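Report on the structure
Take a look at the letters that make up each chain.
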Amino acid sequence: MKLSRNGLRASAIGALVVSGALVLSACGSDNNNEPTKDGGKTSAAASNIKCDGAKGQLLAAGSSAQKNAMDLWVKNFQAACSGVEVNYQAIGSGGGITKFNQGQVAMAGSDSALKDEEVAESQKICKGGKGVNLPMVGGPIAIGYKLEGVDNLVLDAPTLAKIFDTKITKWNDPAIAKLNPGAKLPGSTIQAFHRSDESGTTQNLGKYLSATAADWKYDPKTKSWPAPGGQAANGSSGVATAVKDAEGSIGYFELSYATANKISTVSINTGAAAPVAATTENASKAIAAAKIKGTGSDLSLSLDYTTKAEGAYPLTLVTYEIACDKGNKAETLPTLKAFLTYTASEEGQKVLSDAGYAPLPAEIAAKVREIVPTLS
């Protein structure tokens, strides 16, 4: 699927767009197996990175949705800062938060903001402070599918909820047929795949379905898959691989995994004049309406999953980098701040230029750049 690049100019808003996954030594298990594609920008980008005392190893873990972006950032940062190693394990948002609150990593990546109890737990590690949410990567959650002869599948939230809740089990179900007049829908069984690990992507999908589908009765706060039935796979890459390999399948993952694996994606009927495709531009239109609900150094956001704005793709997520506002370990603080300064900078955003992630609103990106230097 071709991705629109309109509206991704850094002068308008901070572009956070991922290129193909880059293999990172000692990275986590969620390997996207994409070729390196940096368009020759890596050396130029690396030359502008300020290391500011960065040294040694920085351990981080969490969201697999941001792994492709993290791989590229790490590659550039390590090229610029000699002797520095950033080791990001893509183990899922839940696993990352657990490691962070156990003091095993200096930073966690999560596709959902810390819960109140997780913030309270972080105070044991962040001496004199607490864990805060710094939005860094935005993007659409793509609904990928494999269905021979059907290239432009349209679904709406109620139908998606029934598919993932195994209440719709055949591809030629009347609800799907109504949304796709003229499509040659087979009578085969739908193979619905979900995440087996705790995932912020799962939680964001649940929040979307809870807000838009009356039949979705599950707790929108859970990071674990709540519905019965379906098939499970580990990480975004696991779900994407399962969908790619299985005829009649459907699943959810961050858009770059669909792009890398050439997986068709669903357009969503939101009630707008036309169904909305999962593109970075369309996700940007939805994320632009996000409001900061956090206070102080915390920049957690409130997303509008019910938007019917023309061209706004509502099924989005924002990945946060979670760090201590105060009480970071002295030996890793300089590297943590230098790395986050780079990822939040215009330079760090520009190198993520080709596919997969949506821009953050300019005012939010600017606030992140203000807060990172204050971490202590």
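Described in the following lines is the structure provided in the data block. These numbers were taken from a predicted model, which means no experiment stands behind them.

Looking only at helices and strands, the protein chain features 13 helices and 13 strands. Put simply, the protein chain has 376 residues, and 57% of those count as buried. Put simply, of all contacts in the protein chain between residues at least 6 apart along the chain, 77% involve residues at least 24 apart. Total accessible area on the protein chain stands at roughly 14400 Å², and carbon and sulfur atoms take up 49% of it.

Time to look at the environment of isoleucine 163. Looking at the secondary structure, you find isoleucine 163 in helix α5 (residues 157-164). A relative accessible area of 1% means that isoleucine 163 is categorised as buried. Sequence separation of isoleucine 163 and isoleucine 176 is 13 residues, and the distance between their C-alpha atoms is 9.7 Å. With residues near it in sequence (within four places) discarded, isoleucine 163 still touches Leu155, Ile168, Ile176, Ile190, Ala192 and Ile250.

Right, let's talk about the side chain of arginine 195 for a bit. Considering the arrangement of structural elements, one finds arginine 195 in strand β6 (residues 191-195). A polar contact is formed between the side chain of arginine 195 and the side chain of serine 64, at a distance of 3.3 Å. Of the polar contacts made by the side chain of arginine 195, one reaches the side chain of serine 199; its length is 3.2 Å.

Counting through the fold element by element, alanine 365 comes out in helix α13 (residues 362-371). In sequence terms alanine 365 and leucine 134 are 231 residues apart; their C-alpha atoms lie 9.3 Å from each other.

Parameters at a glance
- Residues numbered from 1 in each chain as written.
- Predicted model: local features only at pLDDT ≥ 70, side-chain atom pairs only at ≥ 80, totals over all residues.
- Heavy atoms only, no water.
- Helix = DSSP H or I, 4+ residues; strand = E, 2+ residues; numbered from the N terminus.
- Buried < 20%, exposed > 50% of the residue type's maximum accessible area, 1.4 Å probe, protein only.
- Contact = heavy atoms within 4.5 Å.
- Areas by Shrake-Rupley, 256 points an atom, 1.4 Å probe, with all protein chains shown as cover.
- Polar contact = N/O pair within 3.5 Å; in protein donor to acceptor, adjacent residues only side chain to side chain.

These results come straight from atomic positions and should not be treated as a statement about function.
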